[in-house]
Amino acid sequence: MSRRRAAALSTLSTIVVLGALAAIFIAAPGSKQVRHTFFSPHAMWQSLIGNPKQGYYSVGEALWLNIRMFLAAEVLILILALVIAVIRQSTGPVLFPLRVIGTVYVDVFRGVPLILVVFALGFGMPALALKVVSTQSAAVYGVAALVLSYSAYVSEVYRAGLNSVHQSQVAAARSLGLSQWQALRHVILPQAVRTIIPPLLNDFISLQKDTALVGILGAIEANKAAELYSDTVFNYSSYTVAAILFLILTIPLARFTDHLIARDRQRRLAGAVR
Amino acid sequence: MTGQLAGAGDGTTAPAGPAAAVRIEGLRKSFGANLVLDGIDLSLAAHEVICLIGASGSGKSTLLRCVNLLEPIDAGRIWLSDEEITAGGVDENLVRRHIGIVFQSFNLFPHMTVLRNVTLGPVKVLGSSRQAAEAEARELLRRFGLLDKESDFPDRLSGGQQQRVAIVRALAMHPQIMLLDEVTSALDPELVAEVLDVIRELAASGMTMLIATHEMGFAKDIAHRVCFLEDGQIVEDAPPAELFTDPKDERTRRFLRRIVDAGRL
């Protein structure tokens, strides 16, 4: 099949599929109602720009909080997860108690639903009535919950990466007189990082959306702002706006991840030829 | 170099007489229930080249890895020069910088150029300046015909080139002794010679070497002494002329007969 013919066919099939889906949507008995409730251009615009006097906030502006929470959580997760992974990979007998703590930590935070961790920190910490710890904003508790939960996952990604570097690389590094830490720093980690970037970015795409869970603590992030709008105006189009904004946020990262995976694959194939 | 490796006053006694480059006494090592080294005694003088021969699994590689402290030993003692390196309180990182080892599968660092592979040890372990380390690395690469490869990554090189880089990487640390672990076993036949030539040159320059090898002809040429290992023991230890032509032990004879039958000698 020629390339042009293939392109024409894929275009045609795309149009047919999308057309069919649109037809079902429009022909559905409740179509008009749904379009008004979820896709009202007027309501979408209103919720996007917001009107605090009317009791609702801009969903677009609220997204900025999601982005900030994501960035803060991302950096902390990368650090905490690496510490956990390195501890769990350590072999020294002295570090045994730390290894146990690391294992329990990962088991617990991978097992408990993120929303429960958000609740526990968001309502539990203020209830402790401590200085500093109990007086933070909802966003701070939310970020802390995201960091605790995601670090457990990401530490496993790190560990897989560390294990992917062959033991003979450690032997080669140590035989030069490099210490365990130097071998990790100069030989093992640089090789591990290459293999873990795609799965790591995958987790971060997920993290971007999960910042929406912090809304349950009352922080005005995009999802919460959309909820306030729908509570005030009784129209759900604000949620559609929030969904579109999250898509705009996550799709570039998703494409970037695909790009890295494809590049890595190509490199491997090129390496295999030699 | 007394006191350089061990903590002060640990009371290890140096063997009498001129210190051997490496001395091994009663070395035992097992992996689980599998006894791999069963009482090895071996002494290697400075500038001496000893080849270890024997079937796969006879313990040659494990012996080399024990000397480099890459494998913890179960019993026995090892001295490097006059310093016991198996004593308590010895900093194994300090020991290893004096011992070069080259592996069967090269084990170059794939994320570094040839030059960085060679300079990593001198810069990070010996504390050399980058300029000094690179100048010396280039000198070594030139000596072994690899200077035009300094900016290449290892996967760009042939197996023979990679193994020569691995040898250069070990040499850049100025080791007192080189341990070579079947360094030609992973190579295509046509690439073996270039690596053996490098080792010949090292031997000619007076490098002390302990070489595990399957290349009998090479062992015959280069070694001052050849040790035949079987079941974790040194069965026979003799100059090559003697061991290859007039082996004393029945087990050595059996092994050499198999090698001859396979057309390898």
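Rules used in this analysis
- Residue positions are counted from 1 within each chain, in the order its sequence is given.
- Working convention: letters from A go to chains and numbers from 1 go to ligands, in the order in which they are written.
- Reporting of local features is limited, given that this is a predicted model, to residues whose pLDDT is at least 70; pairs of side-chain atoms are given and counted only at 80 or more, and all residues count toward the totals for whole chains, interfaces and linings.
- Here a strand is any run of E in DSSP of at least two residues, a helix any run of H or I of at least four, and the numbering for each starts at the N terminus.
- Each residue is classified by how many other C-beta atoms fall within 10 Å of its C-beta atom, where C-beta atoms are placed from the backbone; a count of 20 or more means buried, 12 or fewer means exposed, and values in between mean partly exposed.
- By this definition, two strands are paired if DSSP reports at least two bridges between them.
- This entry defines residue contacts through backbone-placed C-beta atoms, with two residues in contact when those atoms are within 7 Å.
- Gly is placed with the polar residues, together with every amino acid not listed as nonpolar (Ala, Val, Leu, Ile, Met, Phe, Trp, Tyr, Cys and Pro) or charged (Asp, Glu, Lys and Arg).
- Simply put, an axis is a line fit to the C-alpha atoms, just over the touching stretch for a helix, and the angle between two N-to-C directions goes from 0 to 180 degrees.
- The span one expects for a helix is its residue count, reduced by one, times 1.5 Å.
- A residue's pLDDT is simply how confident the predictor is in it, with values from 0 to 100.
- Relative orientations are named as follows: roughly parallel for angles under 35 degrees, roughly antiparallel for angles over 145 degrees, roughly perpendicular for angles from 65 to 115 degrees, and oblique for any other angle.
- Working rule for handedness: look at the near helix, and if it is turned counterclockwise from the far one by less than a right angle, call the crossing left-handed; if clockwise, right-handed.

Asks: When you look at the environment of A:Gly111 in this model, what are you seeing that I'm missing?
Replies: Residues and elements named next belong to chain A. When you line up the elements, Gly 111 lands in helix 5 (residues 96-111). With 8 C-beta atoms counted inside 10 Å, the residue Gly 111 sits in the exposed group. Separated by 72 residues in the primary sequence, Gly 111 and Phe 39 place their C-alpha atoms 37 Å from one another.

Asks: Help me out: how do you make sense of the sheet that holds strand 1 (residues 22-31) of chain B in this one?
Replies: Neighbouring strands of a sheet are bound in pairs by backbone hydrogen bonds; such pairs are parallel or else antiparallel. All names here are of chain B. Reading across from one edge, 2-1-4-5 is the order of the four strands in this open sheet, with antiparallel pairing throughout. On the outer flanks of this sheet lie strand 2 (34-44) and strand 5 (83-84), each paired with one strand and no other. The pairing of strand 1 with strand 4 (residues 75-80) spans five bridges and is antiparallel. When the bridges of strand 4 are listed, Arg 23 appears paired with Trp 79.

Asks: Explain the interface of chain A and chain B to me, please; I cannot follow it from the model alone.
Replies: How big an interface is tends to be stated in terms of accessible area lost as the parts join. At the junction of the two partners, chain A supplies 17 residues and chain B supplies 18 residues. For the side of chain A that touches chain B, the secondary structure elements donating two or more residues are helix 8 (167-175) and helix 9 (180-210) of chain A. In terms of residue count, helix 8 of chain A provides more of the side of chain A that touches chain B than any other element does, six residues in total. Classifying every residue of the side of chain A that touches chain B by side-chain character gives six nonpolar, nine polar and two charged.

Asks: When you look at unusual backbone geometry in this model, what are you seeing that I'm missing?
Replies: Only a minority of non-glycine residues have a phi that is not negative, and only a minority of peptide bonds are not trans. Residue and element names in this part refer to chain B. Located in the positive-phi region is His 47, a residue other than glycine, with phi close to 70 degrees. Looking at the element boundaries, His 47 is found in the loop between strand 2 and strand 3 (49-53). One non-glycine residue, His 174, lies in positive phi territory at about 50 degrees. As for its placement among the helices and strands, His 174 is situated in the loop between helix 5 (159-171) and strand 7 (177-181). His 174 sits in the partly exposed class, given 13 other C-beta atoms within 10 Å.

Asks: Can you walk me through the pairing of strand 2 of chain B in this structure?
Replies: Two faces, one strand: in a regular strand the side chains alternate between the faces of the sheet. All names here are of chain B. Sheet topology places strand 1 next to strand 2; eight bridges connect them, and they run antiparallel. Residue Val 22 lies in a different strand from strand 2, and its bridge partner there is Leu 44. A loop of two residues connects strand 1 with strand 2, the two strands running antiparallel in sequence, and Gly 32 in this loop sits at a positive phi of about 60 degrees.

Asks: I tried to follow helix 8 of chain A on my own but got confused; where do I start?
Replies: Residues that lie three or four places apart on an α-helix share one face, since the helix turns once every 3.6 residues. Within the sequence span of helix 8 of chain A, burial applies to A:Ala172, A:Ala173, A:Arg174 and A:Ser175. Of the surrounding secondary structure, the elements contacted by the buried residues of helix 8 of chain A are helix 9 of chain A together with helix 2 (92-96) and strand 6 (99-102) of chain B. Looking one or two places after helix 8 of chain A, you find A:Gly177, whose phi comes out positive at around 100 degrees.

Asks: I would appreciate a short explanation of the sheet that holds strand 9 (residues 225-230) of chain B in the present structure.
Replies: All names here are of chain B. Taken together, the six strands give an open sheet; going across it, the order is 6-7-8-3-9-10, and neighbouring strands pair in mixed fashion. Edge positions in the open sheet fall to strand 6 and strand 10 (233-238), since each of these has one partner strand only. Strand-to-strand twist in this sheet, taken as the mean axis angle between neighbours without regard to direction, amounts to 20 degrees. Examined bridge by bridge, strand 6 and strand 7 share four bridges and lie parallel to one another. By the bridge assignment for strand 7, Ile 99 is matched with Ile 177. Its contacts with the sheet place helix 1 (residues 60-67) against strand 3, strand 6, strand 7, strand 8 (209-212) and strand 9, and it is angled at close to 150 degrees to strand 8.

Asks: Teacher, can you tell me more about helix 9 (residues 250-261) of chain B here?
Replies: For helix 9 of chain B, which comprises 12 residues, the first-to-last C-alpha distance of 16 Å matches the rise-based estimate of 16 Å (1.5 Å per residue) to within 8%. Just downstream of helix 9 of chain B lies B:Gly263, where phi reads positive at about 75 degrees.

Asks: Any chance you could explain the confidence of the model for chain B here in plain terms?
Replies: Residues shown with low pLDDT carry predicted positions that ought not to be read at fine detail. Residue and element names in this part refer to chain B. Confidence in the prediction of chain B, expressed as mean pLDDT, is 90, and 93% of residues score 70 or more. Counting contacts from residues 6-16, a segment whose pLDDT is below 50, to residues more than four positions away or on other chains yields 16 contacts. Interface scoring of the predicted complex returns ipTM 0.87; its pTM is 0.78.

Asks: I would appreciate a short explanation of the packing of helix 5 of chain A against helix 7 (residues 138-164) of chain A in the present structure.
Replies: The relative placement of two packed helices comes down to the angle between their axes together with the axis-to-axis distance. All names here are of chain A. Across the interface, helix 5 lies against helix 7 with an axial gap of 8 Å and an inter-helix angle of 120 degrees. In terms of axis orientation, helix 5 runs oblique to helix 7. Where helix 5 crosses over helix 7, the handedness of that crossing is left-handed. For the pair formed by helix 5 and helix 7, the contact residues are Tyr 105, Val 106, Phe 109 and Arg 110 on the first element and Leu 148, Ser 149, Ala 152, Tyr 153, Ser 155 and Glu 156 on the second. In terms of residue class, the contact of helix 5 with helix 7 is built from six nonpolar, two polar and two charged.

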